[in-house]
Amino acid sequence: MVLLFDGMIALYQLHLVKAETARACIPKEFKLVEAFGYTLGGFFLANYEDSPAGVFDELVVLAGLVWNPPTSCAWATKVFVNSNEACEHGRKEVGLPSHVASFSKRITAIPKQKSNKTIGFLNMIGMTTTTGTASSNSIEDCMDVQVTEVKSPCVEDSCSFNLTTTLVPAALSLGKWMGPTIKMSLPSFSGRTEYTPDLFKYSCKIQCRVRAVHPTKVSRNSELEQCSEQDKCSSSSISTTTMDHSTSAAVMLSKPIFALKFSCMTMEVEAPVVISNCSSSNNPLRTC
């Protein structure tokens, strides 16, 4: 069985995440890819126009990279979707840690900032959303996306993020280079959730136009910390949930280093296979 996702627009942003933060949510069977105490995490923000679960938005929090010889792949610590059907599909069909959330989007116009030398070079090769140095009175559209988990009031606030990203107006983007068309196959792991205790492995085949963009700014609501502290004191059974929220927040608020925009994107997800432990030291994981 192959699952098809079509008409996607997505943002993939890499962050420097502390290795100790990533290890807290990665299964012990996997070895973390790290250097100098950090790994590569970040997030994947996407809008699906056509999928097995219909139309929905998704925010995937990526804790870090794990070894998948001869390469590596990202481990998702939490997935937010604004559809009950997409949530159930992710949990049961792919073994993802999916949760229902609300996605609130707002577009505002703000003055452009002058480009620095690095951005200026990227502009020259058509890899950013602007060309040349912007004048002081020119403006650009920014989209604010608030993603809030749908649960009790305190838990809802404790997993609520604001993402601000620069948009290219449709009328202007038609005349700009959207980046090269690429094809790639990404191995992925999932599972080890309360809904899917087994470890899964599957492959994602992606075709899209890709280009580098300015990193998205991520922030949290001001009420988060106070509510989180009240929730910790009210129940001793909240420890696992609190750790889950804490890891997601630490990843989302870590330092961004690079961002890519995917457009005209199609994705094929192969049916996951179960991974079991194996006694061989040369092959610690095998598929069933």
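Remember, predicted model here, so these are calculated numbers, not experimental data. (Residues numbered from 1 in each chain as written. Predicted model: local features only at pLDDT ≥ 70, side-chain atom pairs only at ≥ 80, totals over all residues. Heavy atoms only, no water.)

Trainee: What exactly am I supposed to notice about the pattern of salt bridges here?
Mentor: When the charged atoms of two side chains with opposite charge come close together, those side chains can pair. Applying the stated rule across the entire model yields eight salt bridges. For Asp57, the salt bridge is made with Lys105, and the minimal N-O distance between the two is 3.1 Å. Placement of Asp57 in strand β3 (residues 56-68) and of Lys105 in strand β5 (residues 98-111) is noted, with a sequence separation of 48 residues between them. Lys105 sits in the partly exposed class, given a relative accessible area of 43%. One salt bridge in this structure joins Lys92 and Glu88, with 3.4 Å as the shortest N-O distance. Separated by four residues within a single helix, Lys92 and Glu88 lie in helix α2 (residues 84-93), roughly one turn from each other. Overall, the relative accessible area of 63% leaves Lys92 in the exposed class. Relative accessible area serves as the criterion here: at 34%, Glu88 is assigned to the partly exposed category. Residues participating in the shared-partner salt-bridge network are Glu88, Arg91 and Lys92. (Salt bridge = Lys/Arg side-chain N within 4 Å of Asp/Glu carboxyl O. Helix = DSSP H or I, 4+ residues; strand = E, 2+ residues; numbered from the N terminus. Buried < 20%, exposed > 50% of the residue type's maximum accessible area, 1.4 Å probe, protein only.)

Trainee: When you look at the nonpolar core in this model, what are you seeing that I'm missing?
Mentor: In a soluble, globular protein the nonpolar side chains are often hidden away together inside. Core analysis: the largest hydrophobic core is formed by 33 residues, its most contacted members being Phe43, Leu59, Phe80, Phe103, Val147, Leu163 and Met252. Examining the composition of this core, we find that four residues originate from one element, β3, more than from any other. When residues no more than four places from it in sequence are discounted, the contact partners of Phe103 are Leu45, Asp57, Glu58, Leu59, Phe80, Val81, Asn82, Val145, Gln146 and Val147. Ranked by size, the runner-up nonpolar core spans 27 residues in total, among them Met8, Tyr48, Ala53 and Val94. (Core = buried A, V, L, I, M, F, W, Y, C linked by side-chain atoms within 4.5 Å. Contact = heavy atoms within 4.5 Å.)

Structural measurements only, silent on function.
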